[in-house]
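Structural characterization, general
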Amino acid sequence: YAGFRRVCITDPAPERKFSRRGWVTFDHSVQIRNICYELNSTKLHEVDMGAIINRELKNRIRTINGIGQHKTIVRNDLRLITKIIKQLDERWNIWEPIDNDNEQKKTTITNVPSTTDDSEISSSTMNVSPTKNKNPIGFISYNPLLKNITEYLVEEADAEEEELLGDTSTNNENESNTFEIDKELTKVLDRLILYLRVVHSVDYYNGTEYAQEDSMPNRCGVIHVRGAPLTSITQTELTNFMQQFETRLKPFIDCHEKLDDDEAMKLGVKNEQDEVEKFIVSNCQEVGKDKWSCPLSGKKFKGPEFVRKHILNKHQDKIDEAKKEVTYFNNYLYDPKRPQLPEHPSNRPGAPPTGGGGGGVGPHPSGLPLPTPMAAQPLLSRPPLWPSMAAPHHPGPPGYYPNQFHQPRHPRPPFMYQGGGGPPGGSFHRGPNNRQLRSYEDLDAPNEM
């Protein structure tokens, strides 16, 4: 399409069935709705494109709690952001030392005259001592923004004067104190926050790294800044805020690009030579007595050593593919940010045992209590699962018929009672009548009755 600028495609997301998201940026002069309509009318591998128009960012600058303006927190943020910037600069090889300076220092050392005294030699070699270059003292970084940063990292106090005067009074942690602001420290911190956001795409106060931001429609999108300062604050609030914020930035401070070899061995790292040997052995198949075949080509040989030689000479591309699989697997294993399934709660350190010796059963991962198991009983001595179907005992008279809820039934209609008896309170019997009984005899065989 005309007016195309750039495209950004994310990694497959497991929670979205490993589908990808993409952002395509065009010039403002194109008809973006017509392009979206054409993309939605086509399918890519039998999948709808689902193209929509991305809206402009509403709040690009967002604020956090104003407690970040306090002098103590600003100094603590300077310590944290200095470590983050130093690690990221070393990872991407930014601000490397210039070789020309080293060459100039070497020439100055060789041009020192031999007639100088000991004081001149010591002073000229003091700044270019090889021991000092190997083990430098203090914070060393070639980033010009971090030059003389130690002047702001170390706090000053009247400790000696307080000790001599015997001033050992301590402030209460829950007591409200005046909100202190140091504009010079804040200015230095803001410069480092802006450098971290623009160069490394890390939003410091949000604790997030915006990946592939250079390919996104907004190359520098959201940034979080400090809010309005508070009027008063306690020491407990300062301590809690610094602890929580440092926990959020821990992945950037303790960043490891690769796992240790010991940990990778526990996870099952593969050896390239062993995997190549397994590949060769798996492709040496014995067909019969003194007959071996290579399934890669279908040829037959007299022994496995000939099959091995054939694979090494004729199927080097297959061996290279096996080596690439080992490299790919090991790179995935050494990556601390690799996509993986969530760990089961019972496998986490400190979790109660879920079984084993003693027959103990731990709680369900959902937190709900498990049902109490029933004791084993013989089959013939177990109680019945359903109540008896026999009629329950009732204290009523013979004519009293309770229902299934053990309550008296409705009274019977009058025509069901004959004679004077029959109400529910009395005995149930038939009354006398003068009707003759009907005889039952077979008219065809009257003598058989």
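Preceding this section is the structure that the text describes.
Here's what I pulled together on the structure shown here. Since the structure is predicted, the reported quantities are computational estimates derived from the model, not experimental observations. (Residues numbered from 1 in each chain as written. Predicted model: local features only at pLDDT ≥ 70, side-chain atom pairs only at ≥ 80, totals over all residues. Heavy atoms only, no water.)

Here the focus is the overall build of the protein chain. If you tally the helices and strands in the protein chain, you get 14 helices and eleven strands. Intrachain contacts of the protein chain at a sequence separation of at least 6 include 59% that bridge at least 24 residues. Roughly 35,800 Å² of accessible area belongs to the protein chain as shown, and the carbon and sulfur atoms make up 53% of that amount. (Helix = DSSP H or I, 4+ residues; strand = E, 2+ residues; numbered from the N terminus. Contact = heavy atoms within 4.5 Å. Areas by Shrake-Rupley, 256 points an atom, 1.4 Å probe, with all protein chains shown as cover.)

What follows covers the state of the cysteines. Across all of its chains, the model carries zero disulfides by this definition. Looking at Cys284, it has no disulfide partner, and the nearest cysteine sulfur is the one in Cys294, 7.3 Å off. You can call Cys284 buried: its relative accessible area is 16%. (Disulfide = S-S within 2.5 Å. Buried < 20%, exposed > 50% of the residue type's maximum accessible area, 1.4 Å probe, protein only.)

Here the focus is the sheet that holds strand β9 (residues 285–288). The three strands are arranged β9-β10-β11 in an open sheet whose pairing can be described as antiparallel. The strands lining the two open edges of the sheet, one partner per strand, are β9 and β11 (300–301). Of the pairings in the sheet, the one linking strand β10 (residues 291–293) to β11 comprises two bridges and is antiparallel in character. When the bridges of β11 are listed, Ser293 appears paired with Lys300. (Pairing = 2+ DSSP bridges.)

Core analysis: the largest hydrophobic core is formed by 25 residues, its most contacted members being Ile81, Ile84, Leu196, Tyr204 and Leu249. With residues near it in sequence (within four places) discarded, Leu196 still touches Ile81, Ile84, Ile85, Leu88, Ser201, Val202 and Tyr204. One finds Ile280, Trp292, Val307 and Ala322 within the second-largest nonpolar core, a separate group that totals ten residues. (Core = buried A, V, L, I, M, F, W, Y, C linked by side-chain atoms within 4.5 Å.)

Glancing now at the environment of Gly50. Locating Gly50 in the fold gives a position in the loop between α1 (32–40) and β3 (61–63). We classify Gly50 as exposed; its relative accessible area is 52%. Separated by 14 residues in the primary sequence, Gly50 and Cys36 place their C-alpha atoms 8.4 Å from one another.

In this structure the tally under the stated criterion is six aromatic pairs. Ring plane angle 50° and centroid distance 6.1 Å describe the contact between Tyr205 and Phe245, whose orientation is recorded as tilted. With Tyr205 in the loop between β5 (202–203) and β6 (208–209) and Phe245 in helix α9 (residues 235–248), the pair connects residues that are 40 residues apart, well separated along the chain. Both residues of the pair, Tyr205 and Phe245, belong to the buried class. Ring centres of Phe241 and Phe245 lie 6.0 Å apart, and the angle between their planes is 10°; on these two criteria the pair is classed as stacked. Taken as a pair, Phe241 and Phe245 lie in helix α9 at a separation of four residues, close to a single helical turn. Neither residue differs from the other here; Phe241 and Phe245 are each classed as buried. (Phe/Tyr/Trp six-rings, centres within 6.5 Å; stacked < 30°, edge-to-face > 60°.)

Bringing the packing of helix α2 (residues 71–91) against helix α8 (residues 183–200) into the picture now. The geometry of α2 relative to α8 is characterised by a closest axis approach of 10 Å and an angle of 35° between their N-to-C directions. The handedness of the crossing between α2 and α8 is left-handed. Contacts from Lys71, Val74, Arg75, Asp77, Leu78, Ile81, Thr82, Ile84, Ile85, Leu88 and Asp89 in α2 reach Leu185, Thr186, Val188, Leu189, Leu192, Ile193, Tyr195, Leu196 and His200 in α8. (Axes fitted to C-alpha atoms, helices over the stretch in contact; angles between N-to-C directions. Left-handed = near helix turned anticlockwise from the far one by under 90°.)

In this section: the pattern of salt bridges. In this structure the tally under the stated criterion is five salt bridges. Close ionic contact of Arg226 with Asp190 constitutes a salt bridge, the shortest N to O distance being 2.8 Å. Taken together, the positions of Arg226 in the loop between β7 (223–225) and β8 (232–233) and Asp190 in helix α8 put the pair 36 residues apart, joining distant regions of the chain. (Salt bridge = Lys/Arg side-chain N within 4 Å of Asp/Glu carboxyl O.)

A few words now on the environment of Pro251. You can see Pro251 is positioned in helix α10 (residues 250–253). Take Pro251: its relative accessible area is 55%, and that puts it in the exposed class. Remark: the alpha-carbon pair of Pro251 and Gly207, spanning 44 residues in sequence, is separated by 9.0 Å.

What follows is about the side chain of Arg226. With relative accessibility at 12%, the residue Arg226 sits in the buried group. There is a polar contact of 3.5 Å between the side chain of Arg226 and the side chain of Gln69. There is a polar contact of 2.7 Å between the side chain of Arg226 and the side chain of Tyr205. Apart from residues no more than four positions distant in its own chain, Arg226 is found in contact with Thr63, Ile64, Gly68, Gln69, Thr186, Leu189, Asp190, Ile193 and Tyr205. (Polar contact = N/O pair within 3.5 Å; in protein donor to acceptor, adjacent residues only side chain to side chain.)

Let us look at unusual backbone geometry. Within the chain, Phe18 stands out as a residue other than glycine whose phi angle is a positive 60°. Residue Phe18 is classed as exposed on the basis of its relative accessible area of 59%. Even without being glycine, Asn148 reaches a positive phi, approximately 60°. Take Asn148: it is sitting in the loop between α5 (130–134) and α6 (150–153). According to the relative accessible area criterion, Asn148 is partly exposed, its value standing at 45%.

Geometric descriptors of this kind do not, in isolation, establish any biological role.
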